[in-house]
Every structure is written in structure tokens, then in C-alpha cells.
Amino acid sequence: THAWEWPTLWEGSLLAKIGFPESRVQDEPSLLPWDHRLKTNQYLEKAAIDLNIDWRIIILTSLQGGDIEQKAAESINARQENAAVFILSQSDRTFKLAFSPELVGRFGEDRIDEMVSLIIPSLSKSDIQNALFLLLEASAYQLKPDYELAPPRPSIRKHQSLKGLTYFLAAFLFIFLLG
């Protein structure tokens, strides 16, 4: 018998060698559909190159007694420069939008306050996809008004598509019973 250790999935893998990107979207409670997370991550990768902004989207189930301000500061400090972070805690019903000093200078405090005001109505309705769309679109427009790439649009929610199907089936049943 030979003793050997299983290598980690990442260590020495092809993904590590080609520089597979770190996810810019962390969704602990899985509030975003997987395809929306993927599209948002791809958008943020492209925006990092085109707009020189290093976005991180962090959605937590709970802060677990932690401080959202501290988590935002840690995320900003872990990046080089031009860092932006959106942190949302689902159970604590709170969010934080934070920018590195370089981006605060590029945006200005008034524009940052406008972005916060822009996403609050969507967040109050628990429409995280729309809040992210509005936030990312506003930040891209502020940095480069003619930027052609748009963030992923919110997908149709399951209950919205079921509502249409319910009306269709009710109408079909009504016609069938009358006929």
C-alpha cells in the first residue's frame, strides 16, 4: 500500500494555471438564481477592465452579530484601489454600499447618495435583482456615460410566470365547461 494525500481541487489544476477568476458575487442564502449570479459575475469582470472598478456583491444570510460597516471596510481594504462593495444581510434587513477613496473621488458623495436612494425601493420589496441592476447601471453610467454593456436584467420570477399560467388555465377551464 502507498500512502498519499488527495490534492485540493484548485491546487495544480488547469483552472489555477489559466487564472480562473475569483467570484465577484457571493450569495450565501442563494437569493439570486444561479444564472443571474453567473451573468452578474461576468459583467463585473468586464466592468473591472473597461471601467476600472472592482465590484464585489456580498449577500449574507445573517451578520451573526458582526458589524456591516466593518465587513464593508474589510472588503474595501482587501482590494487594491477603485474598490466597490455592496453587502446585504437578509435576516438583519440591512445593506451597505461602500467605495474606496479613489472611487468616492470619481463619483462624489452626492452621486453615491443618489445610488443608495435609487436601490432602496427595490430592496424594500426584496427585489435584489432589480436593485443590483439599478446600482450597476448607475455606477457604469457615472463612470462612462456611453458604456455599451448593460448589467444583467432581473429575470422573471416564478410566481409571475405561474400567475399567467393560472389565468390561462382558468380561462380554458371556463370555456371547456361552457362548451
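Residues numbered from 1 in each chain as written. Predicted model: local features only at pLDDT ≥ 70, side-chain atom pairs only at ≥ 80, totals over all residues. Heavy atoms only, no water.

A. Fine view of the confidence of the model for the chain. Residue-level pLDDT values for the chain average 84, and 77% of them are 70 or greater. Between the elements of the chain, mean pLDDT differs from a low of 49, seen in helix 1 (residues 14-18), to a high of 96, seen in helix 6 (residues 128-143). Confidence drops under a pLDDT of 50 for residues 1-13, and excluding neighbours within four residues, the segment shows four contacts in the predicted structure. (pLDDT = per-residue confidence, 0-100. Helix = DSSP H or I, 4+ residues; strand = E, 2+ residues; numbered from the N terminus. Contact = heavy atoms within 4.5 Å.)

B. Looking closely at helix 5 (residues 109-124). For helix 5, spanning 16 residues, the distance from its first C-alpha to its last is 23 Å, which sits close to the expected 22 Å at 1.5 Å a residue. For helix 5, the complete set of buried residues consists of I112, M115, I119, S122 and L123. In this structure, the buried residues of helix 5 make contact with strand 3 (83-89), strand 4 (94-99), helix 4 (101-107) and helix 6. Note on helix 5: the residue one or two positions beyond its end, S126, has a positive phi of about 60°. (Expected span 1.5 Å × (residues − 1). Buried < 20%, exposed > 50% of the residue type's maximum accessible area, 1.4 Å probe, protein only.)

C. The arrangement of the packing of aromatic side chains in detail. Enumeration according to the criterion identifies three aromatic pairs in this entry. With a centroid separation of 5.8 Å and an interplanar angle of 70°, the aromatic rings of W55 and F99 are classed as edge-to-face. Placement of the pair is W55 in strand 2 (residues 54-60) and F99 in strand 4, with a sequence separation of 44 residues. Looking at F99, the relative accessible area reads 10%, which means it is buried. Between F86 and F95 the ring centres are 5.9 Å apart and the planes differ by 35°, which places this aromatic pair in the tilted class. A relative accessible area of 23% places F95 in the partly exposed class. Every member of this aromatic cluster is reached through a ring pair, and the members are W55, F99 and F107. (Phe/Tyr/Trp six-rings, centres within 6.5 Å; stacked < 30°, edge-to-face > 60°.)

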